[in-house]
Amino acid sequence: MITLINKETLYNTFDAEDFSSLGTCIDNMAPSMVEYYLASLSESEDIYLNKRNIQESFSIGEYHLYKDYNEDIYLEFSDESEDLTQSFW
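Residues numbered from 1 in each chain as written. Predicted model: local features only at pLDDT ≥ 70, side-chain atom pairs only at ≥ 80, totals over all residues. Heavy atoms only, no water.

**Quick look at the pattern of salt bridges**
Counted under the stated rule, the structure contains three salt bridges. K67 is the partner of E56 in a salt bridge, and the nearest nitrogen-oxygen pair spans 3.4 Å. Residue E56 is found in strand 2 (residues 54-60), and its partner K67 is found in strand 3 (residues 63-68); the two are separated by 11 residues along the sequence. For E56, a relative accessible area of 25% puts it in the partly exposed group. Ionic pairing is found between K67 and E71, a salt bridge with its closest N-O pair at 3.3 Å. (Salt bridge = Lys/Arg side-chain N within 4 Å of Asp/Glu carboxyl O. Helix = DSSP H or I, 4+ residues; strand = E, 2+ residues; numbered from the N terminus. Buried < 20%, exposed > 50% of the residue type's maximum accessible area, 1.4 Å probe, protein only.)

As C-alpha cells, then:
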C-alpha cells in the first residue's frame with residue numbers, strides 16, 4: 001500500500017528539517033517508535049505512485065519513504081489485511 005503523507009507532519013514527528021536529514025533523525029530513535037509513528041501517519045487511502053518520479057528514498061524495516069520531484073512524500077508499507085487470501089472453497 002502506498003499513501004501520500006503530509007511532509008510537515010512527518011518532519012515534525014521526527015524533528016527533521018528536510019527529507020535528507022530525516023534518515024539521521026530516524027536512526028537515532030528506537031525502531032519500534034519509528035514503526036509506530038510511521039503507522040500512525042499512514043491512515044490515508046492507497047494511491048498510485050509512478051516510481052520513475054522518485055528523487056530520493058530510503059527504507060525502514062517494512063516501510064519505504066519516497067520523495068518525488070514535486071516534493072511530495074509517499075509511504076509504502078505492507079498492509080497485513082492485503083496479505084490474507086480468502087478462499088471460497
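**A word on helix 3 (residues 31-41)**
Among the residues of helix 3, those classed as buried are V34, L38 and L41. The buried residues of helix 3 all sit within an arc of 60° when viewed along its axis, so they share a single face. Within helix 3, the exposed residues directed more than 90 degrees away from the buried face are S32 and Y36. Tucked inside the fold, the buried residues of helix 3 contact strand 1 (2-5), helix 1 (7-14), helix 2 (19-27), strand 2, strand 3 and strand 4 (73-76). (Arc of directions from axis to C-beta. Contact = heavy atoms within 4.5 Å.)

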